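Take a look at the letters that make up each chain.
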Amino acid sequence: MNIILLGPPGAGKGTQAQKLVAERNMVQLSTGDMLRAARTSGTEMGKKVAAVMDAGNLVTDEIVIGLIREQLENGAEGGFIFDGFPRTLAQADALDALLSEMGQGLDHVIELQVNDEVLVERILGRAADTVAAGGAARADDNAESLKVRLLAYYKQTSPLIGYYYAKGDLQSVDGLASMDDVAASISKALG
Ligand code: AMP
C-alpha cells in the first residue's frame with residue numbers, strides 16, 4: 001500500500017508518518033528530511049538547496065524527484081508513505097510514472113486539514129519548544145520563512161487536493177484533532 005500524506009507545513013504529516021511506520025511496517029519518504037540530511041552531510045546538492053530551503057521556497061522538481069527515485073529502488077514491504085512529496089503537479093505526475101514503472105500505484109491520498117492560524121502557532125511553538133529544550137530550531141521555522149512556506153503551499157501544492165479528489169484518491173481527515181484521534185482517522189481511511 002502506497003500513500004501520500006498531504007497538507008500544509010505543520011499539519012502533522014511527519015508525526016503521523018512515524019506512527020504508520022511503527023504500526024504498519026511502512027517506509028516513510030520525507031523529501032524534507034532527505035534534503036536536510038544532504039545539507040548536514042555537506043553534499044553539493046545540499047549546499048545548493050540550503051538558501052532556498054531557509055527562505056521557505058520549494059527546491060526544484062528535478063532534485064526532489066531524483067531523491068524519491070533513488071529511495072523507491074530500495075523497495076518497501078509494507079509500502080511507502082510519501083510525506084512532503086509531491087508538492088507540485090509535476091512531482092505528482094513523476095510519482096505516478098515512477099510507481100507505474102514498478103508495477104505499483106497510489107492507494108490513498110490523505111489530506112490533513114488544519115486552519116492557518118493554528119498552523120502558524122504550531123510551527124512557531126515547535127521552534128520555541130526546541131530552543132527552550134536547548135536544541136536548535138529548524139532554520140525555516142521562523143515567521144518570515146513560514147509566510148513564504150504557506151504561500152508556496154497555497155500556490156504550488158494545494159492544487160494537488162483538487163487533482164487527487166478528481167482522480168478519486170483523496171480522503172480528508174481533521175488534522176486539528178488530538179494526535180491519537182488523527183491517527184485513528186487515518187487508520188480508518190486506510191481500511
Ligand atoms: P518539510 O520538512 O517537508 O517542511 O520541507 C522543508 C523544506 O524542504 C521545504 O520548505 C522546501 O524548501 C524543501 N522541500 C521538501 N520537500 C519538497 C518537495 N517535495 N519539493 C520541493 N521542495 C521541497
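Remember, it's a predicted structure, so these values are computed and weren't measured experimentally.

Undergrad: Which parts of the structure should I look at to understand the site of the ligand?
TA: Residues in close proximity to the ligand total 16 residues, the closest being Thr31, Arg36, Asn57, Gly84 and Gln91. A distance of 2.8 Å separates a nitrogen atom of the ligand from a polar atom in the side chain of Thr31. Take Asn57: an N or O atom from its main chain is 2.5 Å from an oxygen atom of the ligand. Out of a free accessible area of 480 Å², the ligand has 96% covered by protein chains. If one sorts the elements of the shell around the ligand by residue count, helix 2 (residues 31–40) sits on top with four residues. Tallied by class, the residues present in the shell around the ligand amount to six nonpolar, five polar and five charged.

Undergrad: I tried to follow the side chain of Gln91 on my own but got confused; where do I start?
TA: Structurally, the position occupied by Gln91 is in helix 5 (residues 89–101). Assessed through its relative accessible area of 3%, Gln91 is described here as buried. In contact with Gln91, other than residues within four places in its own chain, are Asp61, Val64, Ile65, Phe85 and Pro86.

Undergrad: For this particular structure, what's the right way to read the packing of helix 4 (residues 61–72) against helix 5?
TA: Helix packing for two helices is described by the angle between their axes and how far apart those axes are. One can describe the packing of helix 4 onto helix 5 by two numbers: an axis separation of 10 Å at closest approach and a directional angle of 25°. For the element pair helix 4 / helix 5, the angle class is roughly parallel. The two elements helix 4 and helix 5 cross, and the hand of that crossing is right-handed. Listed contacts from helix 5 to Asp61, Val64, Ile65, Ile68, Arg69 and Leu72 of helix 4 are Ala90, Gln91, Ala94 and Leu98. Of the residues belonging to the contact of helix 4 with helix 5, the class tally is seven nonpolar, one polar and two charged.

Undergrad: I keep staring at the nonpolar core and nothing clicks. Help me out?
TA: What tends to happen in soluble globular proteins is that the nonpolar side chains get buried as a cluster. Core analysis: the largest hydrophobic core is formed by 29 residues, its most contacted members being Ile4, Leu6, Leu35, Ile68, Phe82 and Tyr164. Counting residues per element, this core draws most heavily on helix 4, which supplies six residues. Those residues in contact with Phe82 that sit more than four places away from it in its chain are Asn2, Ile3, Ile4, Leu5, Leu29, Ile68, Leu72, Leu95 and Leu99. Within the second largest apolar cluster, 17 residues are counted, among which are Met26, Val114, Leu150 and Val182.

Undergrad: In this structure, what is going on with helix 1 (residues 13–24)? I would like to understand it.
TA: What sets the pattern is the α-helix's 3.6 residues per turn: residues three or four places apart point alike. Here helix 1 is twelve residues long and its end C-alpha atoms lie 16 Å apart, about the 16 Å a rise of 1.5 Å per residue gives. Tucked into the core, helix 1 has its buried residues touching strand 1 (3–6), strand 2 (27–30), strand 3 (80–83), strand 4 (108–113) and helix 9 (179–190). Looking one or two residues past helix 1, Asn25 carries a phi angle of roughly 60°, positive in sign.

Undergrad: Quick question: what am I supposed to make of the pattern of salt bridges here?
TA: Between side chains of opposite charge, a pair can form as their charged atoms come close. By the definition in use, this model includes nine salt bridges. Where Asp140 meets Arg149, a salt bridge forms, and the shortest distance between an N and an O atom there is 3.8 Å. On the accessibility criterion, Arg149 (10% relative accessible area) is buried. We note a salt bridge from Arg149 to Asp141, for which the minimum N-O separation is 3.0 Å. Like Asp141, Arg149 is buried.

Undergrad: Help me out: how do you make sense of the sheet that holds strand 3 in this one?
TA: Working definition: the strands of a sheet are paired by backbone hydrogen bonds and lie parallel or antiparallel to each other. Spatially, 2-3-1-4-5 is the arrangement adopted by the five strands of the open sheet, whose pairing is parallel. Two strands lie at the open edges of the sheet, namely strand 2 and strand 5 (170–174), each paired on one side alone. Neighbour to neighbour, the strand axes of the sheet diverge by 25° on average, direction disregarded. Bridging between strand 2 and strand 3 involves four bridges; their strand directions are parallel. Counterpart to Gln28 in the pairing with strand 3 is Ile81. In this fold helix 2 packs onto strand 2 and strand 3, with an angle of close to 65° to the strand it touches most, strand 2. Its contacts with the sheet place helix 8 (residues 159–167) against strand 1, strand 4 and strand 5, and it is angled at close to 145° to strand 1.

What counts and how
Residues numbered from 1 in each chain as written. Predicted model: local features only at pLDDT ≥ 70, side-chain atom pairs only at ≥ 80, totals over all residues. Heavy atoms only, no water. Near = heavy atom within 4 Å. Polar contact = N/O pair within 3.5 Å; in protein donor to acceptor, adjacent residues only side chain to side chain. Areas by Shrake-Rupley, 256 points an atom, 1.4 Å probe, with all protein chains shown as cover. Helix = DSSP H or I, 4+ residues; strand = E, 2+ residues; numbered from the N terminus. Nonpolar A, V, L, I, M, F, W, Y, C, P; charged D, E, K, R; others polar. Buried < 20%, exposed > 50% of the residue type's maximum accessible area, 1.4 Å probe, protein only. Contact = heavy atoms within 4.5 Å. Axes fitted to C-alpha atoms, helices over the stretch in contact; angles between N-to-C directions. Parallel < 35°, antiparallel > 145°, perpendicular 65-115°, else oblique. Left-handed = near helix turned anticlockwise from the far one by under 90°. Core = buried A, V, L, I, M, F, W, Y, C linked by side-chain atoms within 4.5 Å. Expected span 1.5 Å × (residues − 1). Salt bridge = Lys/Arg side-chain N within 4 Å of Asp/Glu carboxyl O. Pairing = 2+ DSSP bridges.

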